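Per-entry structural report
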4 protein chains.
Amino acid sequence: MKRIRLGMVGGGADAFIGGVHRIASRIDGHYDLVAGALSSTPEKAKKSGEALGLDPDRSYGSFEEMAEAEAAREDGIEAVSIVTPNHVHFAAAKPFLDRGIHVICDKPLTATFDDAEAMEKAVHASKALFILTHNYTGYPMIRQAQAMVADGAIGTLRVVQVEYPQDWMTDDVESQGVKQAEWRTDPERSGAGGAIGDIGTHAYNLAAFVTGQVPERLAADLQSFGAGRALDDNAHVMLRYDSGARGMLWCSQVAPGCENGLRLRIFGSAGGLEWAQEDPNYLWYTPHGEPSRRITRNGAGATEAGTSVSRIPPGHPEGYLEAFATLYTEAAEAIRAAQAGEPRETLMGKLPGLTAGLEGMAFIRACVTSAKDDAAWVKI
Amino acid sequence: MKRIRLGMVGGGADAFIGGVHRIASRIDGHYDLVAGALSSTPEKAKKSGEALGLDPDRSYGSFEEMAEAEAAREDGIEAVSIVTPNHVHFAAAKPFLDRGIHVICDKPLTATFDDAEAMEKAVHASKALFILTHNYTGYPMIRQAQAMVADGAIGTLRVVQVEYPQDWMTDDVESQGVKQAEWRTDPERSGAGGAIGDIGTHAYNLAAFVTGQVPERLAADLQSFGAGRALDDNAHVMLRYDSGARGMLWCSQVAPGCENGLRLRIFGSAGGLEWAQEDPNYLWYTPHGEPSRRITRNGAGATEAGTSVSRIPPGHPEGYLEAFATLYTEAAEAIRAAQAGEPRETLMGKLPGLTAGLEGMAFIRACVTSAKDDAAWVKI
Amino acid sequence: MKRIRLGMVGGGADAFIGGVHRIASRIDGHYDLVAGALSSTPEKAKKSGEALGLDPDRSYGSFEEMAEAEAAREDGIEAVSIVTPNHVHFAAAKPFLDRGIHVICDKPLTATFDDAEAMEKAVHASKALFILTHNYTGYPMIRQAQAMVADGAIGTLRVVQVEYPQDWMTDDVESQGVKQAEWRTDPERSGAGGAIGDIGTHAYNLAAFVTGQVPERLAADLQSFGAGRALDDNAHVMLRYDSGARGMLWCSQVAPGCENGLRLRIFGSAGGLEWAQEDPNYLWYTPHGEPSRRITRNGAGATEAGTSVSRIPPGHPEGYLEAFATLYTEAAEAIRAAQAGEPRETLMGKLPGLTAGLEGMAFIRACVTSAKDDAAWVKI
Amino acid sequence: MKRIRLGMVGGGADAFIGGVHRIASRIDGHYDLVAGALSSTPEKAKKSGEALGLDPDRSYGSFEEMAEAEAAREDGIEAVSIVTPNHVHFAAAKPFLDRGIHVICDKPLTATFDDAEAMEKAVHASKALFILTHNYTGYPMIRQAQAMVADGAIGTLRVVQVEYPQDWMTDDVESQGVKQAEWRTDPERSGAGGAIGDIGTHAYNLAAFVTGQVPERLAADLQSFGAGRALDDNAHVMLRYDSGARGMLWCSQVAPGCENGLRLRIFGSAGGLEWAQEDPNYLWYTPHGEPSRRITRNGAGATEAGTSVSRIPPGHPEGYLEAFATLYTEAAEAIRAAQAGEPRETLMGKLPGLTAGLEGMAFIRACVTSAKDDAAWVKI
């Protein structure tokens, strides 16, 4: 099986998520990173390329240049990872989409709704696949949870509790030189959502992925606790579903003691499920009236949906990077199938893509709209 | 130290909370139960009295009769516990309050707002103490949490997350002969609040007790998932505080896998605290930027606020009944002080009373009002 | 139902276990403490009696005096609790046993083997019941575990892992005025076993209670880490059972971070069970090849064996004092049955008594013998 | 940075640990797998090579052939991973060691003591590095625990409790076609130790790594519960250290409910540490007399020793594969340094090698010797 030639936009030195994508692309051995436009500063881009062992000829100063040059090469990249701040997602993805190069893009889809619409058009116009790395959906026990809900394990969905608290922005770290905080608190680069865009979209996506339902309306109370912070760093959101289910989403970047506390609890007429990202190898299942069961990844009670994306035996924990790698692996399979001529519509499987991206954007927009109207219910 | 002569209204066979009050009154040895009107059905009352070893002369058919007869005895009861369904609280408490007999009343204060106002008047008019058993405030680690917040351990309060999920009403148990469910789902006996009255008030009270703050406004989304259920069995509530803090309260009786999942998490500018009722001997404290610490009841890191209401060494768990007993013990101390002539205003200490009761009623009213107005913000 | 008139030997001010016994005797309302010889120092005895509200006439200076006087009263005590240091157990129990007064004695049985034999004779010679408070057997989930093992839930027993670590003697607290440490480290008062006598016997008893098996042989490595400490404060013990099962027991008083970490794990050919005293409301059960289940006290999966000794609903934790109270309640039932003329042999039910006490003594002796012989295997 | 050319012996289809080594070698991008003798069955070897995308010319039928051919190539492998069953370790490693090709070998060192001595000689005679993948030492929090112990965080070591229970051999899976069980229960291929060789050595190594101490003597009780099983599947081992510390090691393959329950608890005069492999991102530290602290990987309280081998932020769990990858990464650094001419003695850093391997062999031998002599103390 030949490896897929991969390029990367963004992800130079100091970046967090670029390194994650690179590891994720390596874990299952489906990619070779061969080209990059790793920074918007050309010098930094070159240097980062060197550090990663890229051929200097393929370490580009800009993504446009890279798209053009790679498309022209016989051995040009087949796919590209976009790991820039949000406001660059569209601009960076477009030249590759236009040239039929498959795109693996970090979330959220874009910083602005205009960009989101433009991205939608570009994806539709392209023959390439577009994968959005809502990486938490790659966790095996999340896959199993989704399958269990679909199979009726909890009966009719009633209540969704999803939360994603962090604490790293408790202090005003954006004015203390923390790069990750700088762009995330800047509406120009991050978009209209602060915490809701950065992590709220993950929580929202996860709930949708597992329940198979997207809320119809929401009421959101957004707040900035950090001094002078322009974007929300804490959000309380109530959710109503068409089906009659109700939900609550909380995300925060100012909750001391919480690291990446993404946690999903769902309750139905016949049972409940609970999963926490910080302890991801376990899924708690309670058939109503029976003891709670601890289902372990690849272990007792585990089903195909999760074991098929698991690498090692139960009790040897897989983590965040493996879940991320699962998206890359599934992307590789989809890309190979596309290259083999299979129709794009049939290839995404469990992979998040444009739809998840647009849902995330709609969520952000609805939150911001609701918050401005004193948390009135807003159609999503 | 002589024991206080105690009477009880309600709490006959089948009742849950009556038995709890009796154990709580015995644990620290401050009371002797000597009289009762244990059921509204006189025969059942007599029978229950017998089972408890009451002198048949002091096992009454009605609380009015009991109040009159006991007040007339030299050795009459000094205090009475009211453990009836909510709609009887006021009627049962009044004759005792009127006769200067101290009242220990289960929560919520009353079923209706009219009753609540009447109770308020009756308490003010009486010389007796009025204690409302918001029992979770008796947990040692809750006492310590309160003291820590007051001492600035978490800095300025920002976010309150409090929840109280249960699962026992997932099915329509009220039509299956479960007495506890029957009156709780009946607006006549329970009042305007279902889950919010029964357990939401506990969550609300706990957050107020620990933070020292009562929210100014709330927005509530109430729902009944049980077929034909007249009152809410699930509630999502957003909270805003005068101080700028924000909060979220969730309570549910239809969350499979949850038993009595009361849990409080609070976050401030300098740290966070977490406590769960089902694991009550531990308080988790995170000074921002430092590792989380597990403070144990009566153990390392425990302070006077909690150790003073703890009975046994760390690692030997105390539970629900001990926390409840702490309220009875503090009530006994207050009653003795009152009997010794100390002014009532100075005696309540940490004990919940009329104020907590009225706050709970205001919370229920605000939730119901908000829910009817599509979860609009309502002043509490 | 009339309360049983109870006396107490030991348990004056400063004592820990005396207070525990008193609370335990009150919780379910089966006893009235009416007499005491609460300290070996007569003045302190009187003072402690006063504090507990004893009739001064029944607050005795010595247990002999008390046994004689109470036996002579029409309304004399029906039962007595022995809560002295170990070396007094026999001497204190005997005069009551001789007079047919039921004895509830703290563990271990005695400090010396001579005393143990004498106790055995005295119990056999008496008509009274003899209950030894191996209190951990009163936990509902331990009762259920015992029943499950008996019912074959884990198949053939293979491996027993039991441990009881504490940390309170990490420093030389016995030379710092800690009374609880003083007598426990003194062979004269404590007997030949330090940690093994104080807590190892609890662990040993718990394993025997749940598995229904007592090991045939053991090999013990005892150690004193505290400077100048005469008795063991840490013990590693390997166990072999007649049935072919193997086990390990660890107890320690010098394990920082451990409070009362009694924990039992047992494994058989068909499943495993796990229980921890510090989280006692849950029993973990793994049928081999299936997910682990969390059985909750009085909740889903709970069976009669445990619910019959549980007081409140699941999710409202019961603790150490309730488990202790269960022994007192079962003792009350046995005492009443004895008073009603039922034969003593049939009354002990789940109550630990002489047999458990002698097993504990044999365990201590075997450990000490083995340790002196370089941890050779010793018949128990 | 050029990738290191890696070969692999063993690890064909169906093998578990070969896949783990391959992922581990990829995660940080330091290796390219370019050659293999993936199975002792030549056809299977070819097929497995194909599946992994190896150049058919470099997919060898035997390790001898591979060593010779690769050593002769300009672009021959620089390092080789040995992932065969134990009894092949030495034979497979030798030809590479003899040719100066660096060896990364799975544990235990060998199946027999003769082989171990031969391996020792071969390593000493070679210029190549020899790394033994005691992979659990690659966990960041284990690195931090080691550093904390060295820095005196727990004072003088007193008690070591280490355990590694599994349940996958509860039934006689070796007769049901489970390949992993077949060779592990066969003394010819596994060596004299069953559970003690397979997982006991891991537990032993982990304790030694963190404490910096190797026990002087042990007493071991080995048992086979599986019907007809020739090697131990459960072991209880008591440990004595020169320093006066005592310890206990338990490993089992027949403990239902346990997956890979490697867990280390160590206690000293000034504090305690606890770590569990199934929840590896946390290290629990209790300075004696203070609350336990939860130190998180890369988070609050984390120090250089662990953060330097961590890839992503706290709250995003790393797992087994990342810990394994850390050994590969450190091996890469050592190999590059060796290639740059640095003396081999200075390069191993935290990497386990021959010493750890010989210690493990000595542990197995001592256990088997002790067990045969009724668990007598044996010098290790």
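Residues numbered from 1 in each chain as written. Chains lettered and ligands numbered in written order. Predicted model: local features only at pLDDT ≥ 70, side-chain atom pairs only at ≥ 80, totals over all residues. Heavy atoms only, no water.

Considerations on the nonpolar core
Among the nonpolar cores identified, the biggest contains 218 residues, and F96(B), F130(B), F96(C) and F130(C) are the most heavily contacted of them. Beyond its immediate chain neighbours, meaning those up to four positions away, F130(B) contacts L97(B), V103(B), C105(B), L109(B), M119(B), V123(B), M348(B), P352(B), G353(B) and L354(B). Of all hydrophobic cores here, the second largest spans 216 residues; its members include L222(A), V378(A), L218(D) and F324(D). (Core = buried A, V, L, I, M, F, W, Y, C linked by side-chain atoms within 4.5 Å. Buried < 20%, exposed > 50% of the residue type's maximum accessible area, 1.4 Å probe, protein only. Contact = heavy atoms within 4.5 Å.)

Details of the interface of chain B and chain C
Across the contact, 37 residues belong to chain B and 37 residues belong to chain C. Here chain B packs against chain C, burying approximately 2,800 Å² in sum over the two surfaces, 52% of which is carbon and sulfur. In this structure, the connection of chain B to chain C is made through zero salt bridges. Counting across the chain B and chain C interface gives 17 residue pairs in polar contact (both at pLDDT 80 or more). If you list the elements that add at least two residues to the side of chain B that touches chain C, you get α1 (17-27), β13 (292-296) and α11 (320-339) of chain B. (Buried area = accessible area lost by both parts, 1.4 Å probe. Salt bridge = Lys/Arg side-chain N within 4 Å of Asp/Glu carboxyl O. Polar contact = N/O pair within 3.5 Å; in protein donor to acceptor, adjacent residues only side chain to side chain. Helix = DSSP H or I, 4+ residues; strand = E, 2+ residues; numbered from the N terminus.)

So, the state of the cysteines
Counted under the stated rule, the structure contains zero disulfides over all chains. Looking at C251(B), it has no disulfide partner, and the nearest cysteine sulfur is the one in C367(B), 7.5 Å off. (Disulfide = S-S within 2.5 Å.)

Some points on the sheet that holds strand β4 (residues 102-105) of chain C
Residue and element names in this part refer to chain C. With parallel pairing, the five strands of this open sheet are ordered in space as β2-β1-β3-β4-β5. With one partner strand each, in any of the chains shown, β2 (31-37) and β5 (130-132) form the two edges of the open sheet. Across this sheet, the average inter-strand angle for adjacent strands is 25°, counted without regard to direction. (Pairing = 2+ DSSP bridges. Axes fitted to C-alpha atoms, helices over the stretch in contact; angles between N-to-C directions.)

Focus on the environment of T201(D)
Residues and elements named next belong to chain D. Within the secondary structure layout, T201 lies in helix α9 (residues 195-211). Of the residues examined, T201 reaches a relative accessible area of 1% and is grouped as buried. If we skip the residues at most four places from it in the chain, T201 touches K107, H134, I196, G360, F363 and I364.

Topic: helix α11 (residues 320-339) of chain D
All names here are of chain D. Between its terminal C-alpha atoms α11 stretches 29 Å, which fits the 28 Å expected from 20 residues at 1.5 Å a residue. For α11, the tally of buried residues reaches 17 of 20 residues, placing the bulk of the element in the interior. Immediately beyond the C-terminal end of α11, within one or two residues, lies G341, with a positive phi of roughly 95°. (Expected span 1.5 Å × (residues − 1).)

A few points about the relation of the copies chain B and chain C
Under the fitted operation, chain B is carried onto chain C by 0.0 Å of movement along the axis and a turn of 180°, and the coordinates agree to an RMSD of 0.0 Å. Taken together, these values place the two copies in the relation of a two-fold axis. Comparing interface residues between copies, 100% of those in chain B also lie at the interface in chain C; the contact surface is shared. (Least-squares fit on C-alpha atoms with pLDDT ≥ 70 in both.)

Describing the UniProt feature "domain: Gfo/Idh/MocA-like oxidoreductase N-terminal" (unreviewed entry) in chain A
As recorded in UniProt, the sites labelled "domain: Gfo/Idh/MocA-like oxidoreductase N-terminal" (unreviewed entry) are residues 4-131 of chain A. Helix makes up 42% of residues 4-131 of chain A and strand 18%. Its end C-alpha atoms lie 15 Å apart. (UniProt positions renumbered as here; feature names shortened; annotations may be inferred.)

Let's talk about the packing of aromatic side chains
If you walk through the whole model with that rule in mind, you get 38 aromatic pairs over all chains. One aromatic cluster is present, formed by Y31(A), Y136(A), Y139(A), Y164(A), W275(A), Y320(A), F324(A) and Y328(A) through successive ring pairs. Here the guanidinium or amino end of R240(D) rests over the ring plane of W377(D), the centre of that ring lying 3.8 Å away. (Phe/Tyr/Trp six-rings, centres within 6.5 Å; stacked < 30°, edge-to-face > 60°. Lys NZ or Arg CZ within 6 Å of the ring centre and 35° of its normal.)

Some thoughts on the sheet that holds strand β5 (residues 130-132) of chain B
All names here are of chain B. A sheet is described by the order of its strands in space; here five strands give the open sequence β2-β1-β3-β4-β5, paired in parallel fashion. Looking along the sheet, the strands with just one partner apiece sit at the ends: β2 (31-37) and β5. The mean inter-strand angle of the sheet, taken between neighbouring strand axes irrespective of direction, is 25°. Across three bridges, strand β4 (residues 102-105) lies against β5 in parallel orientation. Across the sheet, residue V103 finds its bridge partner in β5, namely F130.

Brief notes about the domain arrangement of chain A
All names here are of chain A. When the domains of chain A are assigned, the result is domain 1 (4-128) and domain 2 (139-310 + 360-379). Each of domain 1 and domain 2 was reduced to a C-alpha centroid, and the two centroids are 27 Å apart. Each partner contributes to the interface: domain 1 provides 15 residues, whereas domain 2 provides 15 residues. Approximately 1,200 Å² of surface area, both sides summed, lies buried where domain 1 meets domain 2, with 63% of it carried by carbon and sulfur atoms. The three residues of domain 1 that bury the most area against domain 2 are N86, K107 and F113, which together make up 44% of that side's buried surface. Summed over the shared surface of domain 1 and domain 2, the number is one salt bridge. (Domains from an automatic or database assignment.)

What to know about the interface of chain A and chain B
Listed as interface residues are 43 residues of chain A and, on the opposing side, 43 residues of chain B. Across the chain A to chain B interface the summed buried area is about 3,600 Å²; carbon plus sulfur atoms make up 55%. Seen at the junction of chain A and chain B, the total is 10 salt bridges. Across the pair E163(B) and R265(A) runs a salt bridge whose closest N-O atoms are separated by 2.7 Å. Between chain A and chain B we count 18 residue pairs in polar contact (both at pLDDT 80 or more) in total. Every element with two or more residues in the side of chain A that touches chain B is listed here: β6 (157-165), β7 (217-223), β8 (234-240), β9 (246-252), β10 (263-268) and β11 (271-276) of chain A. Looking at the side of chain A that touches chain B, its residues break down into 17 nonpolar, 15 polar and 11 charged. (Nonpolar A, V, L, I, M, F, W, Y, C, P; charged D, E, K, R; others polar.)

What to know about the confidence of the model for chain A
Of the residues in chain A, 100% reach a pLDDT of 70 or more, and the chain-wide mean stands at 95. The ipTM, which scores confidence in the relative placement of chains, is 0.96 for this predicted complex, and the corresponding pTM is 0.97. (pLDDT = per-residue confidence, 0-100.)

Considering the relation of the copies chain A and chain B
Overlaying chain A on chain B yields an RMSD of 0.0 Å, the required transformation being a rotation through 180° with an accompanying axial translation of 0.0 Å. A share of 100% of interface residues in chain A that are also interface residues in chain B marks the association as one of identical surfaces.

What about helix α12 (residues 354-372) of chain B?
All names here are of chain B. Counted at 1.5 Å a residue, the expected span for α12 with its 19 residues is 27 Å, and the 27 Å between its end C-alpha atoms agrees. Within α12, the full set of buried residues consists of L354, A356, G357, G360, M361, F363, I364, A366, C367, V368 and S370. Positioned one or two residues after α12, D374 has a phi angle of 60°, which is positive.

Side note on the pattern of salt bridges
Where charged atoms from two side chains of opposite charge approach closely, those side chains can pair. For the coordinates displayed, the defined rule picks out 101 salt bridges over all chains. When the shortest N-O distance is used, the salt bridge between D374(B) and R240(A) registers 2.9 Å. Within this pair, whereas D374(B) is found in the loop between α12 and β14 (378-379), its partner R240(A) is found in strand β8, the two belonging to separate chains. Judged by its relative accessible area of 10%, R240(A) is buried. One salt bridge connects R293(B) with E290(B), and the closest N-O pair in it is separated by 2.4 Å.

Description of the side chain of T185(C)
All names here are of chain C. Residue placement: T185 occurs in the loop between α7 (179-184) and α8 (187-190). Overall, the relative accessible area of 11% leaves T185 in the buried class. A distance of 3.1 Å separates the side chain of T185 from the backbone oxygen of E182, its partner in a polar contact. Once you skip the residues sitting within four places of it in the chain, T185 turns out to touch M169, E174, R229, A230 and L231.

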